[in-house]
Number of protein chains: 4
Amino acid sequence: MLQFQCDYSEGAHPRILQALCDTNFEQTPGYGEDIYCQRASELICQKCNAPRASVHFLVGGTQANFILLAAALRPHQGAVCAQSGHINVHESGAVEACGHKVLPLPSTDGKIYAQQVKDYVTAHWQDPTHEHMVQPKLVYISNPTEVGTIYTKAELTALYSVCQENGLYLYIDGARLGFALTCRENDLTLSDIASLCDAFTIGGTKAGALFGEALVIQNHALKQDFRYILKQKGGMLAKGRLLGLQFLTLLGDDLYFALCRHGNEMARKIRQSCEQNNIPLLFDSPTNQQFPILANQDLARLSQQFAYSYWQAVDESHTAVRFCTSWATTPENTQALCSALLAL
Amino acid sequence: MLQFQCDYSEGAHPRILQALCDTNFEQTPGYGEDIYCQRASELICQKCNAPRASVHFLVGGTQANFILLAAALRPHQGAVCAQSGHINVHESGAVEACGHKVLPLPSTDGKIYAQQVKDYVTAHWQDPTHEHMVQPKLVYISNPTEVGTIYTKAELTALYSVCQENGLYLYIDGARLGFALTCRENDLTLSDIASLCDAFTIGGTKAGALFGEALVIQNHALKQDFRYILKQKGGMLAKGRLLGLQFLTLLGDDLYFALCRHGNEMARKIRQSCEQNNIPLLFDSPTNQQFPILANQDLARLSQQFAYSYWQAVDESHTAVRFCTSWATTPENTQALCSALLAL
Amino acid sequence: MLQFQCDYSEGAHPRILQALCDTNFEQTPGYGEDIYCQRASELICQKCNAPRASVHFLVGGTQANFILLAAALRPHQGAVCAQSGHINVHESGAVEACGHKVLPLPSTDGKIYAQQVKDYVTAHWQDPTHEHMVQPKLVYISNPTEVGTIYTKAELTALYSVCQENGLYLYIDGARLGFALTCRENDLTLSDIASLCDAFTIGGTKAGALFGEALVIQNHALKQDFRYILKQKGGMLAKGRLLGLQFLTLLGDDLYFALCRHGNEMARKIRQSCEQNNIPLLFDSPTNQQFPILANQDLARLSQQFAYSYWQAVDESHTAVRFCTSWATTPENTQALCSALLAL
Amino acid sequence: MLQFQCDYSEGAHPRILQALCDTNFEQTPGYGEDIYCQRASELICQKCNAPRASVHFLVGGTQANFILLAAALRPHQGAVCAQSGHINVHESGAVEACGHKVLPLPSTDGKIYAQQVKDYVTAHWQDPTHEHMVQPKLVYISNPTEVGTIYTKAELTALYSVCQENGLYLYIDGARLGFALTCRENDLTLSDIASLCDAFTIGGTKAGALFGEALVIQNHALKQDFRYILKQKGGMLAKGRLLGLQFLTLLGDDLYFALCRHGNEMARKIRQSCEQNNIPLLFDSPTNQQFPILANQDLARLSQQFAYSYWQAVDESHTAVRFCTSWATTPENTQALCSALLAL
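What counts, and at which threshold
Residues numbered from 1 in each chain as written. Chains lettered and ligands numbered in written order. Predicted model: local features only at pLDDT ≥ 70, side-chain atom pairs only at ≥ 80, totals over all residues. Heavy atoms only, no water. Axes fitted to C-alpha atoms, helices over the stretch in contact; angles between N-to-C directions. Helix = DSSP H or I, 4+ residues; strand = E, 2+ residues; numbered from the N terminus. Parallel < 35°, antiparallel > 145°, perpendicular 65-115°, else oblique. Left-handed = near helix turned anticlockwise from the far one by under 90°. Contact = heavy atoms within 4.5 Å. Nonpolar A, V, L, I, M, F, W, Y, C, P; charged D, E, K, R; others polar. Buried area = accessible area lost by both parts, 1.4 Å probe. Salt bridge = Lys/Arg side-chain N within 4 Å of Asp/Glu carboxyl O. Polar contact = N/O pair within 3.5 Å; in protein donor to acceptor, adjacent residues only side chain to side chain. Pairing = 2+ DSSP bridges. Least-squares fit on C-alpha atoms with pLDDT ≥ 70 in both. pLDDT = per-residue confidence, 0-100. Phe/Tyr/Trp six-rings, centres within 6.5 Å; stacked < 30°, edge-to-face > 60°. Buried < 20%, exposed > 50% of the residue type's maximum accessible area, 1.4 Å probe, protein only.

Overview of the packing of helix α1 (residues 14-22) of chain A against helix α11 (residues 241-252) of chain A
Residue and element names in this part refer to chain A. It is the contact of α1 with α11, at a shortest axis distance of 9 Å, that shows an interaxial angle of 135°. Taken as axis vectors, α1 and α11 run oblique relative to one another. Our pair here, α1 against α11, has a crossing hand that is right-handed. Every residue of α11 that contacts α1 at R15, I16, A19 and L20 is listed here: R241, L242, L245, Q246, T249 and L250. The residue inventory of the contact of α1 with α11, partitioned by class, reads six nonpolar, two polar and two charged.

Written out as C-alpha cells, the structure reads:
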C-alpha cells in the first residue's frame, strides 16, 4: 500500500534524529529557555528579517492557533476566516473553547480577500446593533490553504492593508508554509510573510520535523505575557530543547525549503498526470495537496494500491479525493501513482 | 413619533405593576425560593401538561439561552441552529463565551427542518475525522423565529423525532412564544410545545412583563444542578419574587395569550395594508413582526412619523424594514401606520 | 416571624414603585440607551465628582462582578481578594467560569491590606517560575465587606497606591456600599470611593431598589467595548429604563443614603443590645450585618420568633449567626429583637 | 556545574531514541491511531490489570491534567486538591481557563486525606447556600506529591472510598508515578493504583521519555468522546506513533521502573548524607526530590558547583532548596553532591 493520505505519516528527516541523538545527554533548562531554542529563535528572526519578532516553539498546529488567538482577543472579539478554515472546521471547536466565535466568510478556493474582509468589518460597525454581535478583531488565513491554494504577494499586501486600516490583526497559519513558499507559482519570501502579518507559524510537523510549529509574533501588542498563556494552554514543552533543535536543524541550511520543494515536485507530477489524462481537479493547487475528481469505479481500483483521503462527493458517480505528498514521498511511489492515474 | 421599532419599549401590563405594589412589603426568601415562584412554576407545569417539568425564572432571553446551553453541553459539543438564529447573530457570542460552537444551517425563512438536521448529524458521524469537528448535540430553534415565521405541529414533531433518534436535545427559544401560539395560522398548543422539545422558554419581556423568561425543562438529564449554573452565570435574581409574581399574573387567567393575540392582530392589520397596496413582504410572518420592502423614498417619508427597524437593503432603491407590534401597541397608532402604508 | 435573615426580602421603596408606574407607558429605546439611564449616569458622575466615568446599570451583583472582571483580565490573569470575598465563596465559580483564577489572601476581618497585596505581588514577580503561575492583575474588595466591616480612607488610599504602583486594577464591590458610607465610623465619601479605585459598584438591590447595581468605571482602559461584554454575559437589560429610573429615584435627593443610614441605625441597636448583655460579636461591624455568638440553647429560643442566618459554629455549645437589617426593617421589629437579646 | 535542578534536563533513554530511529520511515496513521499506540495501550491495560481501561497518550502533564478535568466536570463543578497541588499552583490557571475552580485544602506534606475530603464535601452539602458555591466533584492528588511524599495503600484506599461514597471522581497525577512505585517505602503496585482511582497518568517526561504522559481512564463515565476534547485542547499529537512507541519501550520490560528506581536510589544517598550531617529536611520524601534546609552561607558555597531549585526561606539565615535526581543522574555526580553535603 503506497501512502498519499497525509503529510505526517513518517517520522523526521534523519538529520533531525541525528541532532537529537547527538545532544541527548546535554543538560539544558526546561520550558524553552535553552540555548537551542534561543539559537533557533535568532535564526528565524534573521531569516524573516524581523529582528524584533518574538518566537515561540509549540508542539502542534491546533495548539498554536488557539493559543495565539486566546492571547490576542478580548472576550467579545472573534476571528474572521474562510468557511473552510482549519479553525472553523477541523479543530473540534478549539477557538470557541477559548471563548471566541469564529466568523466564517464564504470561499470557494480556501482563500479570503481584502474586499471581503473590508465589507464584513464595515457592515459590523455600521450595524446599529453591533454591540449585540461578535466584534471582528483578527483575520485568520492559512498559506497554503487547506485546499492547497496560495496567496500572491499582491493579495496578501491588500489583505494586510485592510486589516491595518480596520484595527484587525492578521494571523497566518503556516502549518504547510514551506510548501507555499517553495512552489513554482509563489512570489512571496519568508521575510515578505513576516512583514505582511502580525503573527504567523512556520510548520515543522509536515516538513521534516517529528513535530513542532514555530510561532513568530511581529506585533508588539501580541507579545506581552505570551509565555503565561503558552503554559496555561498546555503549549510549553518541558524539554523545549527538542523543539529548538529541530528548527535549528531544519532552517540551518534551508533543509526546510529543500524538503518542501521536494514535496511540491512530487505533487506536481501527480497533477500533470491528471491533466494529461483529463482528470479534473477540484482546486487549483500548486502545492503538495492535489484534489482530483475521479469516477467512483476508478477510485475503487486505485484504492487497492494507494491510500488517499476522501474529500467530497461531486456527483453520483464521481468523488473528489486528496493525494498528499510530503518531504518523505519517494519518486518511485509518485511514479507508481502517476502511472496508475494515466492508466485510468 | 409612533413606535413600531421593537416589542419592549413600554413597561408592564398594569396588572403586573399592581401585583408588584400589592406584595411589595411581603418578606420572602430570595433567589427564586419564594411562594410566588413556586406557584408560578406549578401553574406553568399545569398549563403545559408537564407535571414533572423544572421551571426556572430568568431576567432575560440571552441569559436563558446560554445558561441552558451551558448546562446541556459538554466542551466538545455545539448547538445547531438556523444561520439567522438569535444565538448565532445577536447575542455577542454568548454561547461561544461558554465554550461552545454554534453550528449554523442555511435558512431563508428563519426555520430549520428535520431533514436538514438529520443530514447534518449523519454527515458528522460518517466523517472519518469527526473527532476533529464539533459534535452536534443540541438543536436551537425559536418559535416564532427571528423573522416572525412559525413552526407547524407537523414540522416540530418531525424535528423532535430526528433529535430523539440522533441523541440531540431540542431547545425552543420562546422569547415571543405567545405570539406564535396565538396567531391565526398556529396549530400548536402550549402543551404541544412542552411535549415536543427538551426545554423551552416562555418569554415575558415582550409580552406584558417588565422582564422575565420562564425556562421549562422537560428532559430530566438537563435538570440536575441547574440552579448552580443559574447562579454562576448571573441568572439568579435576588428578589426572585418579582419574576414568579409576573408569570403568575400573566398566566393566571391567560392574560399572556390575550396580550400576544392583540399584538398579532395589530400586526395583521399592517400586513393587510401592505398586501392591499402591493407592498411586498420579505418574510411570510403571521406574528407581530412584519417586514415590508419599501422604496427608499417612501421610507424617508414614513420615518418622519413612524419608528421602525432597518432590516436589509434589497436593491439600490428598496429596503426591507421591520415594523413590530406588542401587547401595548394601540389600535390608533396601528391605524395611523396602515393609512400611511396605503397612501404610499 | 420577624425577618433578619437578609437585606433583600422586601421589594422596593414606594417612591421607586411610583416612578415605575408613572413612566410605565413611555416608549423608550432598549438596552440602557434611554433617557433615564442617561440622566442617572450623569447624576452618578456628578455625585462621584467623576465627570469622565462610564456608568453601566446591571441587574445583579454577581453579574456586575464577573462582567467587570471578564472585561479587565487577560486569560492568564487573576483577581486577588480576601479568602472570604464574595467572588471566592458565594458566586458558584462565576469568575472561574470566565476563565480566571481567584487568588485568595488570608483575612480575619473580611478585609485585605496594602501590605498583603504588595507582598503577594512582589512574591509573584520574584518567583523564577512566575510564568507558571496566575498573574495577579486585579484586586477585588467589598466595602462593607461580607462580614460588615469597612475600609478607612487611609486603608483604601494605601491599597490603591499599592495597586497603582504594581499595575493592578482595584475594584470595589459595593453591593452594600450605602451602608458603608453612612455608618458612624465611616470617613469615606462617594467621591473618595470614585477616586480611590478603577471601578466600583453602587448596589441598589439591598438599598431600596427592586434590583440593580450601578457599575462606575473610572479607569479608561476598562471602558472600551464594555457594552459588548455586558450583552454577551447577559447583563444588558432589554428595558434598561427600569434600572436608570431606579437609580435616578434613589440618588435624586439622597434617598439612597437615608435608607442605608436607617438600616445601620437598626443594626446599631442590635449591636448595643448584644454588648449590653455581654454577647460577643464575631466581627466588629459598624454596618447593617451583626454577628453575635450565642449559646445554642438561646438560639433555639430566638429562632421561634426571629429569622436569621447561620454563620459558623464557634464551639460545641455556641454558634455565630447573622442578623441583617435593611432599609425596610422597622423600629418595632428591631426593638423586639433587642428585647429578646437583652432577655437571654 | 552538576545539575540537580529538575528531572527533565536530559533527553531520553537511549533505547527510546533507538526505537524512534528504527521506525522513522514507517508510515502510520496519525493522531494516536497507529499500531504502536494500540500496543502500548494494551500493554498498559495488562500491566494495570485493567482490561477495560481507556488509554490516551499526551505530550505533557499540564495538558493531561486540564483535559481530564475538562472532560470530567460540568460548569459548576470544581476539583479539590492540596493547597500545594500542581493544578493549584504551577499550571498558570489551566483548570480555571477551562472554567473550573480549584478547591484547595490545607496540607503540610503535599497530601490530602480521606477525612479532609469527607469533611469538605459534607460541609458543602450541608450549607443551605450550597448552590451559590462551587460543587466539589473531583479530587486531584499527585503521587508522589509535589514535595516527594507518597500515599500508602491504606491512605489511598480510604480516600477512594470517600470519593465513591460521595460521588466524587479521584484522579491521580502520576507525572512522577514511577518514583512513587519504586521507592522503598511504597506499598502500592501499578494495578493497585489502577483500581483505586477513576483516572491517572503514568508520566514519561520525567522517567526516560523525550516527553509523554499516558492517561489511563478507568471510570466508564469519563471515557465518552474523550478524543474530541483531546483534539480541542491541543492534546492530540499528529504523529501519535512517537508517544505509543516511547511507552511501549519504557514499559516493555519494565525499563520504566528500573529508571525510576535508579533516581530514587540517587536521592536516597543525598538524603542519607543530609541525615548523617544533621541537615534537616523540609519534607519526609522517599522519592527523587529532597528538600534540605541549609544555612545560606553553605548554600552560597554549594551553588558554585551544584544547580538546585530554590524552595522557600525558612528563617533569616536558612533556606530550603530542592535537589532532584532522575533516571539520568550519575552515581558520580551524586557522590560529589553527597561529599559536599557531608563537608558542610
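Picking up after the structure, the text goes on.
Let's talk about the interface of chain A and chain B
Each partner contributes residues to the interface: chain A has 18 residues there, and chain B has 17 residues. For the pair chain A and chain B, the summed buried surface comes to about 1400 Å²; carbon and sulfur atoms form 49% of the total. It is A:S92, A:E96 and A:K101 in chain A that bury the most area against chain B; as a group they hold 37% of the surface buried on that side. If you look at where chain A meets chain B, you find two salt bridges. Across the salt bridge formed by A:K101 and B:E96, the nearest N and O atoms sit 2.6 Å from each other. At the junction of chain A with chain B, the criterion picks out ten residue pairs in polar contact (both at pLDDT 80 or more). When residues of the side of chain A that touches chain B are traced back to their parent elements, those giving at least two are α4 (86-89) and α5 (94-97) of chain A. The element best represented in the side of chain A that touches chain B is α4(A), accounting for three residues. The residue makeup of the side of chain A that touches chain B, split by class, is six nonpolar, eight polar and four charged.

A short note on the sheet that holds strand β7 (residues 199-203) of chain A
Residues and elements named next belong to chain A. Read from one edge to the other, the open sheet built from seven strands follows the order β2-β8-β7-β6-β5-β3-β4, with strand pairing classed as mixed. Looking at strand neighbours, the two that pair on one side only are β2 (54-58) and β4 (102-105), the edges of this open sheet. Strand-to-strand twist in this sheet, taken as the mean axis angle between neighbours without regard to direction, amounts to 25°. Examined bridge by bridge, strand β5 (residues 135-142) and strand β6 (residues 169-173) share five bridges and lie parallel to one another. Residue pairing in the sheet places L138 in a bridge with Y169 of β6. Across the sheet, helix α2 (residues 35-47) lies against β2, β7 and β8 (213-217), angled at about 125° from β2, the strand it touches most. Strands β5 and β6 of the sheet are contacted by helix α7 (residues 153-165), whose axis makes an angle of about 140° with β6.

As for the relation of the copies chain D and chain A
The transformation that overlays chain D on chain A combines an axial shift of 0.0 Å with a rotation of 180°, and the residual RMSD is 0.0 Å. Overall, the copies show the geometry of a two-fold rotation axis. Both copies present the same face, since 100% of the interface residues in chain D are matched by interface residues at the equivalent positions in chain A.

What to know about the interface of chain D and chain A
On the side of chain A, 42 residues touch chain D, which itself brings 42 residues to the contact. Counting each side, the surface lost to burial between chain D and chain A is near 3700 Å², with a carbon and sulfur contribution of 58%. At the surface where chain D touches chain A, the tally comes to 22 residue pairs in polar contact (both at pLDDT 80 or more). Those elements giving two or more residues to the side of chain D that touches chain A turn out to be α1 (14-22), α3 (61-72), α5 (94-97), α10 (226-232) and α11 (241-252) of chain D. Looking at the side of chain D that touches chain A, the element that brings in the most residues is α1(D), giving four residues. Taken together, the residues of the side of chain D that touches chain A sort by class into 20 nonpolar, 15 polar and seven charged.

Examining the confidence of the model for chain A
In this model, chain A carries a mean pLDDT of 97, and residues with pLDDT of at least 70 account for 100%. Per the prediction output, this complex has pTM 0.97; the corresponding ipTM is 0.97.

Observations concerning the packing of aromatic side chains
Residue and element names in this part refer to chain C. Overall, the coordinates contain 46 aromatic pairs over all chains when judged by the stated rule. Residues F4 and F323 carry aromatic rings whose centres are separated by 6.3 Å and whose planes lie at 75° to one another, so their mutual orientation is edge-to-face. Here F323 lies in strand β13 (residues 318-324) and F4 lies in the loop between β1 (2-3) and α1 (14-22), a separation of 319 residues in the sequence. The burial state of F4 is the same as that of F323; both residues are buried. Centre to centre, the rings of F291 and W311 are 4.8 Å apart; their planes meet at 70°, and the pair counts as edge-to-face.

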